[in-house]
Number of protein chains: 2
Amino acid sequence: MNTYPNFDFQPTHQLTENRARVGLLSTPHGVIETPAFIFCATRAVMKGLSPTDMQAAHTQIILSNTYHLMLSPGSERIAKAGGLHQFMAWDGPMFTDSGGFQIFSLGHGSVAAEIKGNRSGNHPQSLVKMTEKGAEFRSYLDGSKHILTPEKSMQVQRDLGADLIVVLDECTPFHVDKAYTERSMHLSHRWAVRSYEEFKLHNNGKQALYGIIQGGVYPDLRKISADFVNSQDFFAHAIGGSLGASKQQMYEVVDMTMQILNPKRPVHLLGIGGISDIFQGVEYGIDTFDCVHPTRLARHGGALLRPSLQPEPHTKREHINLKNSRYQEDWSPIDPECNCHTCKTYSRAYLHYLLRAHEMLALSAISLHNVTVMNRLMADIRQGIKQQNLAQVKKYWLDR
Amino acid sequence: MNTYPNFDFQPTHQLTENRARVGLLSTPHGVIETPAFIFCATRAVMKGLSPTDMQAAHTQIILSNTYHLMLSPGSERIAKAGGLHQFMAWDGPMFTDSGGFQIFSLGHGSVAAEIKGNRSGNHPQSLVKMTEKGAEFRSYLDGSKHILTPEKSMQVQRDLGADLIVVLDECTPFHVDKAYTERSMHLSHRWAVRSYEEFKLHNNGKQALYGIIQGGVYPDLRKISADFVNSQDFFAHAIGGSLGASKQQMYEVVDMTMQILNPKRPVHLLGIGGISDIFQGVEYGIDTFDCVHPTRLARHGGALLRPSLQPEPHTKREHINLKNSRYQEDWSPIDPECNCHTCKTYSRAYLHYLLRAHEMLALSAISLHNVTVMNRLMADIRQGIKQQNLAQVKKYWLDR
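Numbering of residues starts from 1 in each chain and follows the order in which that chain's sequence is written. Chain letters and ligand numbers both follow the written order, the letters beginning at A and the numbers at 1. Restriction of local features to residues with pLDDT of at least 70 applies here, the model being predicted, together with a cutoff of 80 or more for giving and counting side-chain atom pairs; totals for whole chains, interfaces and linings are based on all residues. Computation of side-chain values: all heavy atoms of the structure, hydrogens and water removed.

Novice: So what's going on with the overall build of chain A? Which residues, and what values?
Specialist: Secondary structure elements are taken from DSSP: a helix is a run of H or I of four residues or more, a strand is a run of E of two residues or more, and numbering for both begins at the N terminus. Summing up its helical and strand segments, chain A has 16 helices and 16 strands in all. Atoms counted for the radius of gyration: C-alpha only. Globule rule: 2.2 Å times residue count to the power 0.38. Taking 400 residues into account, the globule formula puts the C-alpha radius of gyration at 21 Å, and chain A, at 20 Å, falls close to it. Whether a residue is buried, partly exposed or exposed follows from its accessible area with a 1.4 Å probe, protein chains only, as a fraction of its type maximum: under 20%, in between, or over 50%, in that order. In chain A, which comprises 400 residues, the share counted as buried stands at 60%. For chain A, the exposed surface amounts to about 15,200 Å²; the carbon and sulfur share of it is 51%. Counting rule for charge: Lys and Arg are taken as positive, Asp and Glu as negative, and neither His nor the chain ends is counted. Charge placement uses NZ in Lys and CZ in Arg. For Asp and Glu, CG and CD serve respectively. Computed over 41 positive and 38 negative side-chain charges, the separation of the two mean positions in chain A equals 2 Å. Computed by Shrake-Rupley with a 1.4 Å probe, the accessible areas treat only the displayed protein chains as cover when residues are assessed.

Right, here's the structure in full:
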């Protein structure tokens, strides 16, 4: 009997020179065309953008964070609202994580630093206490003690009611040794089984469960973990944990993992959102990405702009910083080819002025642009795969 | 020869029981149907709202503040952008003040406190140095010294390029005696003449000049000032200065002033924006109002809601505070009869949650609602005047 009767994934186009593919991922709240970018509405809101803004920017799917929502306003309250879709007025496909990611990153250091392997040198005493049962942690809001178990994560995610949900895992820190990584991976596997059992017990057909591949930067461990998720009745897979200290190492880890994963299931790459990284991930066969980068960048005045349109020729930068005084009398839009409301309405000079004046409109306007850019990027990538000219699309975005 | 060939004001409907009237105020950027509310886009931006949002909320006209813009980004830069309309992407009618209002309120105490005559008891040393020539003041941004003269105010407002502009006056403090108020009024009159002469010298037909009636709470002075503006070649009039210590006194000052002012010219009431105050002002014949209240209130979680829809019966409050914990599980919209995006999309509970989480979407969502309410209020008032049932409209809004 099919555990996921209301979900489906069908690859529709596949390149021959690499594993890049287009697919249709069906959920009860709509069909996502992949490769797709999942935007972070961390606390049940896209910072500064309404669901209508997100739709206008051609957004297919958003993500909220279980960790934040279980602490405030609490999953019971969201359940009373009729679930997260109702609560935040987003009617499209939605994804929630397990909550583990934030617990461990707030305990061990920043999430992004972990995934991307930035060695910060100092590793503060962990605020998380790990046991076989689950993870004990203190709330980032008021310091109150909580425990997150695989069962609890499933219960909370059921209350939230997102379409795509994730097993609880330990997001293994980067700075630990192989022995720790291996123990942690096996713990995550046991938690994955418990997550699935809890999920199965209450499965109402409205949610589909992702298993997570751990194993850090170690190919043999990644193989064990990929084999494990393949063997389980998950709807889809997510590549988690540390992806290494360099881009090269990240690409190698993703590449070798993707060679093992069951190609019939969609694969999500957790926490990666740079434009060039996305092209790389797509070529390895990744179907969905998420990252706070596009919207967090916007809140610091960074507007996504592909390298070919950068003021300095041959730069590898993927954004411009509108706070820079070079823009104070630049009357052009961020990107003359962009169709977003921001580029159709405001000059770089006006956005520069708003940023300097700490006017919140700057943040929502630049966020809208960045969301639009990411969605256009993914649409261009899908088109490139369909028309067998992904290399050209990549050239256009990265170094035309 | 007509000083204002591209401007016009035509009253189209007039009540008989009071001076309430509907009119058409034509500007180069469009026609405003009066009575109308002018929203404060203080620093060339509606906080958290785009021009598109403002249009969707049926906004006819907005106002920016000369004081803020002359200090940052500077009127020269806005002139380079092609003027304020172009700079901030607002294509409709626009109003700028003279800059004096903020100089004096930042020098003497809060603007609102002055207009509404709140006696604070302590009056800090003024930061403004008044001379016959103009007002010397220090920038609120960096403390740098500036001087604003009537000529300078006209030059800056010409650079900004709003449709409706205002002579420089001294916003007479509330706590001064009659002798000061009289001297100040005469100074304002001399400045008004200088403002007009500077305006006339460069008049390009794209702007129309408002004269200001001063005279504080003294009927004899208000009469002198109203006679003065009537005698000058202004397009329109604005009632400025202190309006007294109580609502009753404010109404009396406005009432007696309106009896003298030339009824062929539109009249603006500076800084008044409460719902009941607007009804009162309309009955005295006021054509336009402005106030930061609706949008500032929103930024503190206050959503405009007419008394009849208030949780406590018979309250005179004109808003609810969504930060209040009574709303944490209130799944209804702010106002079920409101057609704004906020009321069509979000529950009070969700807005409460966003406010508590300090999410900026709350501020823009509630601002949009409040702007919509003010525009609906003015539309209802105009309809009431046209259909000779303003009293019924007032009852509906204030105590149905």
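Novice: Hey, could you go over the sheet that holds strand β9 (residues 145–148) of chain B for me, with residue numbers and the actual values?
Specialist: Residue and element names in this part refer to chain B. Here, a strand pair is defined by DSSP locating no fewer than two bridges between the strands. On the basis of which strands lie adjacent, the open sheet formed by three strands has the order β7-β8-β9 and antiparallel pairing. Of all the strands in the sheet, just β7 (129–130) and β9 have a single pairing partner and so form its edges. Strand direction decides the pairing type here: strand β8 (residues 135–138) and β9, joined by four bridges, are antiparallel. Counted as the bridge partner of R138 is K145 from β9.

Novice: Outline the pattern of salt bridges, listing residues and values.
Specialist: Any carboxyl oxygen of Asp or Glu that lies within 4 Å of a side-chain nitrogen of Lys or Arg is treated as forming a salt bridge with it. Within this structure, the stated rule accounts for 36 salt bridges over all chains. Each member of the salt-bridge network shares a partner with another, and the members are E33, R382 and K386 of chain A.

Novice: Could you give an account of the domain arrangement of chain A, naming the residues involved and the relevant values?
Specialist: Residues and elements named next belong to chain A. Residue ranges labeled as domains rest on an automatic or database domain assignment. Each assigned domain of chain A is listed here: domain 1 (8–291) and domain 2 (301–398). Here the C-alpha centre of domain 2 lies 27 Å away from the C-alpha centre of domain 1. The contact rule is simple, with two residues in contact once any of their heavy atoms fall within 4.5 Å. Of the residues lining the interface, 32 residues belong to domain 1; the matching set on domain 2 comes to 20 residues. For domain 1, the biggest contributors to the area lost against domain 2 are L15, I275 and F279; these three give 30% of the whole. At the junction of domain 1 and domain 2, the tally comes to three salt bridges. Among the salt bridges present, the one from R382 reaches E33, with a minimum N-O distance of 3.6 Å. Residues adjacent in sequence count toward polar contacts only when both atoms are side-chain atoms; beyond that, a polar contact is any pair of N or O atoms within 3.5 Å, and within protein one must be able to donate a hydrogen and the other to accept it. The interface formed by domain 1 and domain 2 contains eight residue pairs in polar contact (both at pLDDT 80 or more). Those elements that provide at least two residues to the side of domain 1 that touches domain 2 are β1 (8–14), β2 (21–27), β3 (30–34), β4 (36–40), α1 (51–56) and α11 (275–284). In terms of residue count, the dominant contributor to the side of domain 1 that touches domain 2 is α11 (seven residues). Within the side of domain 1 that touches domain 2, the residues separate by chemical class into 16 nonpolar, 11 polar and five charged. Accessible-area loss on putting two parts together, using a 1.4 Å probe and summing over both, is the definition of buried area adopted here. When residues are sorted by character, Ala, Val, Leu, Ile, Met, Phe, Trp, Tyr, Cys and Pro go into the nonpolar class, Asp, Glu, Lys and Arg into the charged class, and all the rest, Gly among them, into the polar class.

Novice: So what about the confidence of the model for chain A? Which residues, and what values?
Specialist: Summary of the metric used: pLDDT quantifies the predictor's per-residue confidence within the range 0 to 100. Looking at chain A as a whole, its pLDDT mean stands at 93, while 95% of the residues score no less than 70. Here the complex is predicted with pTM 0.95, and the ipTM for its interfaces comes to 0.94.

Novice: Lay out the interface of chain B and chain A with the relevant residues and their values.
Specialist: The interface is formed by 33 residues belonging to chain B together with 33 residues belonging to chain A. Carbon and sulfur atoms make up 59% of the surface buried where chain B meets chain A, a total of about 3,100 Å² over both sides. Sorting the residues of chain B by area buried against chain A places R77, Y353 and M360 of chain B first, and these three jointly supply 22% of that buried surface. Our enumeration of links across chain B and chain A arrives at eight salt bridges. Scanning the region where chain B abuts chain A turns up 16 residue pairs in polar contact (both at pLDDT 80 or more). Elements with a contribution of two residues or more to the side of chain B that touches chain A: α1 (51–56), α3 (75–81), α4 (84–88), α13 (341–345), α14 (348–356) and α15 (360–386) of chain B. Among the elements that take part in the side of chain B that touches chain A, α15 of chain B stands out by supplying four residues, more than any other.

Novice: With reference to specific residues and values, describe the packing of α14 of chain B against α15 of chain B.
Specialist: Residue and element names in this part refer to chain B. Structural elements are reduced to axes, namely lines fitted to C-alpha atoms, with helices fitted over the stretch in contact, and the angle between N-to-C directions of any two is expressed from 0 to 180 degrees. Two numbers describe how α14 lies on α15: the axes approach to 7 Å, and their chain directions differ by 130°. Looking at the two axes, α14 sits oblique to α15. For α14 against α15, the interelement crossing comes out left-handed. Every residue of α15 that contacts α14 at L351, L354 and L355 is listed here: L361, A362, L363, A365 and I366. Classifying every residue of the contact of α14 with α15 gives eight nonpolar, no polar and no charged. An angle below 35 degrees is treated as roughly parallel, one above 145 as roughly antiparallel, one from 65 to 115 as roughly perpendicular, and anything else as oblique. By definition, any crossing whose near helix is turned counterclockwise from its far helix by less than a right angle is left-handed, and any crossing with a clockwise turn is right-handed.

Novice: Break down the side chain of D169 of chain B for me, citing the residues and quoting the values.
Specialist: All names here are of chain B. Along the polypeptide, D169 turns up in the loop between β10 (164–166) and α8 (178–202). Salt bridges are absent for the buried D169, whose nearest opposite-charge side chain, R222, sits at 8.3 Å. A polar side-chain atom of D169 sits 2.5 Å from a polar atom in the side chain of Q214. Setting aside chain neighbours within four positions, we find D169 in contact with S98, G100, F104, S188, W191, I212 and Q214.

Novice: Account for the relation of the copies chain B and chain A, with residues named and values stated.
Specialist: When the copies are superposed, the least-squares fit takes in the C-alpha atoms of residues with a pLDDT of at least 70 in both. Rotating chain B by 180° and translating it 0.0 Å along the rotation axis places it on chain A, where the RMSD comes to 0.0 Å. Here the symmetry operator amounts to a two-fold rotation axis. It is M360 of chain B whose C-alpha, among those of chain B, lies nearest the rotation axis, at 3.8 Å.

Novice: Before we move on, can you summarise a nonpolar patch on the surface with the specific residues and values?
Specialist: Residues and elements named next belong to chain A. A surface patch of nonpolar side chains, amounting to about 280 Å² of accessible area, comprises L106, Y140 and L141. Inspection of the secondary structure puts L106 in helix α5 (residues 100–108). Residue classification places L106 among the partly exposed residues on the basis of a relative accessible area of 44%. To count toward a patch, a residue needs a relative accessible area over 30% and no salt bridge; like charges are then connected within 9 Å, while nonpolar side chains (Val, Leu, Ile, Met, Phe, Trp, Tyr) are connected within 5 Å.

Novice: Before we move on, can you summarise the pairing of strand β14 (residues 288–291) of chain B with the specific residues and values?
Specialist: Burial along β14 of chain B is two-sided: T288 and D290 of chain B facing one way and F289 and C291 of chain B facing the other are all buried. In this fold, the crossover linking strand β13 (residues 267–269) of chain B to β14 of chain B by way of helix α11 (residues 275–284) of chain B has right-handed handedness. With its strands directed away from the observer, a crossover is right-handed exactly when the path from the first strand over the helix to the second travels clockwise.

Novice: Talk me through unusual backbone geometry; I want residue IDs and the actual numbers.
Specialist: Residue P73 of chain A is bonded to the preceding S72 of chain A through a cis peptide linkage, with omega at 5°. Checked against the element boundaries, P73 of chain A lands in the loop between α2 (66–71) and α3 (75–81). For A44 of chain B, which is not glycine, the phi dihedral falls at a positive 60°. Along the chain, A44 of chain B turns up in the loop between β4 (36–40) and α1. Looking at A44 of chain B, the relative accessible area reads 0%, which means it is buried. One non-glycine residue with positive phi stands out, namely A89 of chain B, at about 65°.

Novice: Would you mind going over the packing of aromatic side chains in detail, with residue names and values included?
Specialist: Working definition: rings of Phe, Tyr and Trp (its six-membered ring) pair if their centres are within 6.5 Å, and the pair is stacked with planes under 30 degrees apart, edge-to-face with planes over 60 apart, and tilted otherwise. Tallied over the entire structure, the rule returns 30 aromatic pairs over all chains. Ring geometry for F87 of chain A and Y353 of chain B: centres 5.4 Å apart, planes at 55°, overall tilted. Residue F87 of chain A is located in helix α4 (residues 84–88), and its partner Y353 of chain B is located in helix α14; the two belong to separate chains. Take F87 of chain A and Y353 of chain B: they sit in the same class, and that class is buried. Joined through ring pairs, the aromatic side chains of F87 of chain A together with W331, Y346, Y350 and Y353 of chain B make up one cluster. Put simply, a charge is over a ring when the Lys NZ or the Arg CZ is close to the ring centre, within 6 Å, and near the line of the ring normal, within 35 degrees. One cation-aromatic arrangement involves R306 of chain A over Y396 of chain A; the distance from NZ or CZ to the ring centre is 3.9 Å.

Novice: Before we move on, can you summarise the state of the cysteines with the specific residues and values?
Specialist: Residue and element names in this part refer to chain B. When two cysteine sulfur atoms lie within 2.5 Å, the pair is treated as a disulfide. One pass over the structure, following the stated rule, counts zero disulfides over all chains. With no disulfide partner, C291 has as its closest neighbouring cysteine sulfur the one in C40, 6.7 Å distant. Overall, the relative accessible area of 8% leaves C291 in the buried class. The closest cysteine sulfur to the non-disulfide-bonded C340 is located on C338, 3.6 Å from its own sulfur.

Novice: Account for the packing of helix α9 (residues 219–231) of chain B against helix α10 (residues 247–260) of chain B, naming residues and giving values.
Specialist: Residues and elements named next belong to chain B. With their axes 9 Å apart at the nearest point, α9 and α10 run at an angle of 35° to one another. As for how α9 packs across α10, the hand of that crossing is right-handed. When α9 is examined against α10, the residues P219, R222, K223, A226, D227 and N230 are found in contact with a partner set consisting of V253, M256, T257 and I260. Here the residues of the contact of α9 with α10 sort into five nonpolar, two polar and three charged.

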